[in-house]
Amino acid sequence: MKRTSRRIGCKAFVASASCISALVLASGAKADDQAPTWHGFFTSGVAFTDTNAGYNGGLTKRADIERLTHLGLNIQKNLSERWDFAAQIIADSNTVSPDWAFVSWYPIKGLTLRVGKQKAPMWLMSDHIDVGHTYPWIAPPEEVYSFNPIKRASGLGATYRLALGGGLEAVAEGLISANSTDTLTVTEGASKNSSFQVKLNYRRLGVINLALGNEAFQVRAGYTKAAVGIKTDFYQIKNLNAGFGTVGLKVDTHGFLLLSEYASNFGSVDKSEISEANANLIAAGTTSAMAGAKAAQTGSPADIQAAQTAGTAAEAAYLQDAAVHQMVGARGWYATTGYQVGPVLPFVTVAQTRNPGSNHIINYGSQDSASFGIKYDANPYTDLKVQGQHVWPKNGSRGIQDVSTTGSSYKQLNVFQAAVDVAF
Amino acid sequence: MLTRVWFSIKCAAFGAALVSTSAAALAADIAVVANHKFPVATISIDDVRELYLGKARELTGVGVVQLVDQPGNSALKDEFAQKVLDKTPSQLNAYWSVRIFTGHGVPPQSVGDENAVKAWLAAHPDGIAYMDLKHVDSSVKVLLKVQ
């Protein structure tokens, strides 16, 4: 599932940050004399495969620049000695939207409290996943980073950091949210016309992440739980009990780099939701097949349009079915290693995703992949990347390929990507 | 013949002096300094690292501390990053990119050369900075020396 844009509650975004800022300033706390600081990041690139079957949300032989191009702008301001404000917006080819905004309070040494819209600190790269300049790949491995829809939430976040001496530290980070929404635009399938809005609602969200280490070596473990509702124009899933657990390792010393994560779903879903999803998939798939056959026969614009609409509905039904099955038992891992020589970092990644969940029609989400990439630091603020990846779907399963609309089996494929990242 | 030998010796001596001068510039002693009113007399290298990496904003016995950095293209800044922060310039840039774009802080500001740093410290009793040890004078208090 490729996420192409997102929108969040602007009212909550502005109201929470403005209200707290006003309270802080009204309390008479002394404001720092620093002006707000502005920063930004930009990524652009191209991606394509060697097959016309779609991969990871519509990637085909046709060169795709849109999916890798986005711009972020960031503002931060010291409100007082112990209060800060930070906000970020992000723009891609479709929209400009708030990414996050929150106020931070530093009441005692080691403790930070944050209120507002925040990225969920679930994996190693979660809270800066859009900033390509901060990691070696063109995008974090999809075997781990693609199967969690929870990106950000409005609520209360906290970080407690305990310095253990000699640069060693233990960090606990968490986020809780009573009720939060997010909207994604999903492109699924080889047809670029197959896109629709997915409205996500998270209730009783809790994220905890624990890390131990120093700048050269870090181990990390996290857990996320939430009640998730999903709504599109085609279907509604009322209650998924989502749960994700992760462990990660980062080594970055003397030029040697090692990044690795393992993630697993511990969620559950009512049997009634599974039955509804199965039925919807069968019905939508049948309708789509019939509409497609008719369009092929008549060639009329009206029938072609009807086939495209039915196709989009079928792909949405597929996602509904995939969502209810992937909530239970899906897991993935990756390992990346490289060695920096001057400004050049060559690296290799192996990754795997397994999803034992399946219905009688489709076996989901199992694939292996291996990739080789090079990151070149053109200067401290700009890097260039190229990456080639080979994907092996397992035992005829779909993996992260898009649903086949032709009934053909899922085959091995290669993905090629190049990008430039700038931070300013 | 003797002229050539003498010329070679002079070239070697010049080269050695050049190398030693460069080495000295790269191996400057760094002083972490503060206003004379700064509440403590010394600071540990661990505390300096935590402050300059934005992991802490206060010191025990002091409270919230203000910081200034050296200019971005400064050799001294690179040396401070290596010796105190344990990061190459590239690693330090990547580190701050993560903190900036997660909303967890921005790098300390820079104010200019050592005279500007001293003027800033004079105006900020709660501030610390670092400079080449050879530029330290009676207007600042040395909290830590890093060789």
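Quick note: structure is the one above.
Quick caveat: nothing in here was measured; it's all calculated off a predicted structure. (Residues numbered from 1 in each chain as written. Chains lettered and ligands numbered in written order. Predicted model: local features only at pLDDT ≥ 70, side-chain atom pairs only at ≥ 80, totals over all residues.)

1. Some words on the overall build of chain B
Basically, it comes down to this: Strands here are runs of E lasting at least two residues and helices are runs of H or I lasting at least four, both read from the DSSP assignment and numbered beginning at the N terminus.
Across its full length, chain B carries five helices and seven strands. When the helices and strands of chain B are read in sequence order from the N terminus, they spell out α-β-α-β-β-β-α-α-β-α-β-β.

2. Quick word on the overall build of chain A
Quick note on the threshold: Once C-beta atoms are placed from the backbone, each residue is buried if 20 or more other C-beta atoms lie within 10 Å of its own, exposed if 12 or fewer, and partly exposed for counts between those two. Throughout, a pair of residues is in contact if the C-beta atoms placed from their backbones lie within 7 Å.
Per the secondary structure count, chain A includes four helices and 18 strands. Per-residue burial for chain A yields a buried fraction of 45% across its 424 residues. Here the analysis covers contacts within chain A between residues at least 6 apart in sequence; of these, 64% occur between residues at least 24 apart.

3. What about the interface of chain B and chain A?
Worth spelling out the cut-off: When residue character is reported, Ala, Val, Leu, Ile, Met, Phe, Trp, Tyr, Cys and Pro are called nonpolar, Asp, Glu, Lys and Arg charged, and the others, Gly included, polar.
Each partner contributes to the interface: chain B provides 22 residues, whereas chain A provides 29 residues. The element best represented in the side of chain B that touches chain A is helix α4 (residues 89-100) of chain B, accounting for seven residues. In terms of residue class, the side of chain B that touches chain A is made up of eight nonpolar, six polar and eight charged.

4. Looking at the pairing of strand β1 (residues 30-34) of chain B
Residue and element names in this part refer to chain B. Spelled out, the test is: Criterion used throughout: strands pair if DSSP finds at least two bridges between them.
Counting buried positions along β1 yields five of five residues, so the element is predominantly enclosed. Of the two faces of β1, both are covered, the one formed by Ile30, Val32 and Ala34 as well as the one formed by Ala31 and Val33. Across five bridges, β1 lies against strand β6 (residues 127-132) in antiparallel orientation. If you follow valine 33 over to β6, its bridge partner there is alanine 129.

5. Topic: α4(B)
Residues and elements named next belong to chain B. Rule in force here: Every helix has an expected span of 1.5 Å times one less than the residues it contains. The arc refers to the directions leading from the helix axis to the C-beta atoms.
Helix length check: α4, at twelve residues, gives a terminal C-alpha distance of 16 Å against a target of 16 Å (1.5 Å per residue), a fit within 8%. Those residues of α4 that sit buried are Leu92, Trp96, Ser97 and Ile100. For α4, the arc enclosing every buried residue in end-on projection is 140°, short of the 170-degree limit, so these residues lie on one face.

6. Some remarks on the environment of Ile65(A)
Residue and element names in this part refer to chain A. For isoleucine 65, the position within the fold is in the loop between β2 (37-49) and β3 (70-80). Take isoleucine 65: there are 13 C-beta atoms within 10 Å of it, and that puts it in the partly exposed class. With 28 residues separating them along the chain, isoleucine 65 and serine 93 place their C-alpha atoms 9.5 Å apart. Contact partners of isoleucine 65, with chain neighbours within four places excluded, come to Ser44 and Val46.

7. Section: unusual backbone geometry
Residue and element names in this part refer to chain A. Of note in this structure, arginine 204 is not a glycine but carries a positive phi near 50°. Summarising the element assignment, arginine 204 is placed in strand β9 (residues 195-213). For histidine 254, which is not glycine, the phi torsion reads 50° and is therefore positive. In this fold, histidine 254 is placed in the loop between β11 (236-253) and β12 (256-266).

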